[in-house]
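Now for the letters of each chain:
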Amino acid sequence: PDDHFAIDPTKWHFYAMDVYRVLGQNALAQLYAEEVLRLGVTQTGIERTPMRNAEARITLAVIAERSNDHESAITHANAALQSARKSLPSLRMVATELVHEFEISGHVDDPEVQKFVKSLDNASVGIVV
């Protein structure tokens, strides 16, 4: 109870990343996503915050797809699903945005996109294209 209203300063980057991604402010969303990953992975590569990191990777995928870098988008998207620990409702929300970007860019029928969507379905996320 003593720290019920304490602010976790590292969450600022996470929330800012989400806000800027939704607003389409790609440069700022990328800046904060990279900071989330920097803070969320130790120098030896161990993830401190796997759920935040997964969403940061999806954010980077969204930005890459918006920038017509489809290959990087797929790479980031698949990396987001590698962690065994995920916050599925949050990941679903962000992944839905990514699927929407795939639709806009005309890549929704790409076999790699379909594989990503199937992986989401297998993770019980339930994205429907």
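Please read these numbers as outputs of a predicted model, since none were measured by experiment.

A.B. asks: Honestly, helix H4 (residues 70-80) in this entry has me stumped. Any pointers?
C.D. replies: Structural remark: α-helix, 3.6 residues per turn; residues separated by three or four positions point the same way. Those residues of H4 that sit buried are His70, Ala73, Ile74, Ala77 and Ala80. The buried residues of H4 occupy one face: seen down the axis, they fall within an arc of 125°. Those residues of H4 that are buried lie in contact with helix H3 (50-66), helix H5 (88-105) and helix H6 (111-122).

A.B. asks: Mind showing me how you'd approach the packing of aromatic side chains here?
C.D. replies: Any two aromatic rings considered together are summarised by their centre-to-centre distance and by the angle between their planes. All chains considered together, the criterion is met by 3 aromatic pairs. Judged by centre distance (5.8 Å) and plane angle (10°), the rings of tyrosine 20 and tyrosine 32 are stacked. Taken together, the residues tyrosine 20 in helix H1 (residues 9-23) and tyrosine 32 in helix H2 (residues 26-40) connect sequence positions 12 residues apart. Overall, the relative accessible area of 17% leaves tyrosine 32 in the buried class.

So, how was this worked out
- Residues numbered from 1 in each chain as written.
- Predicted model: local features only at pLDDT ≥ 70, side-chain atom pairs only at ≥ 80, totals over all residues.
- Heavy atoms only, no water.
- Buried < 20%, exposed > 50% of the residue type's maximum accessible area, 1.4 Å probe, protein only.
- Helix = DSSP H or I, 4+ residues; strand = E, 2+ residues; numbered from the N terminus.
- Arc of directions from axis to C-beta.
- Contact = heavy atoms within 4.5 Å.
- Phe/Tyr/Trp six-rings, centres within 6.5 Å; stacked < 30°, edge-to-face > 60°.

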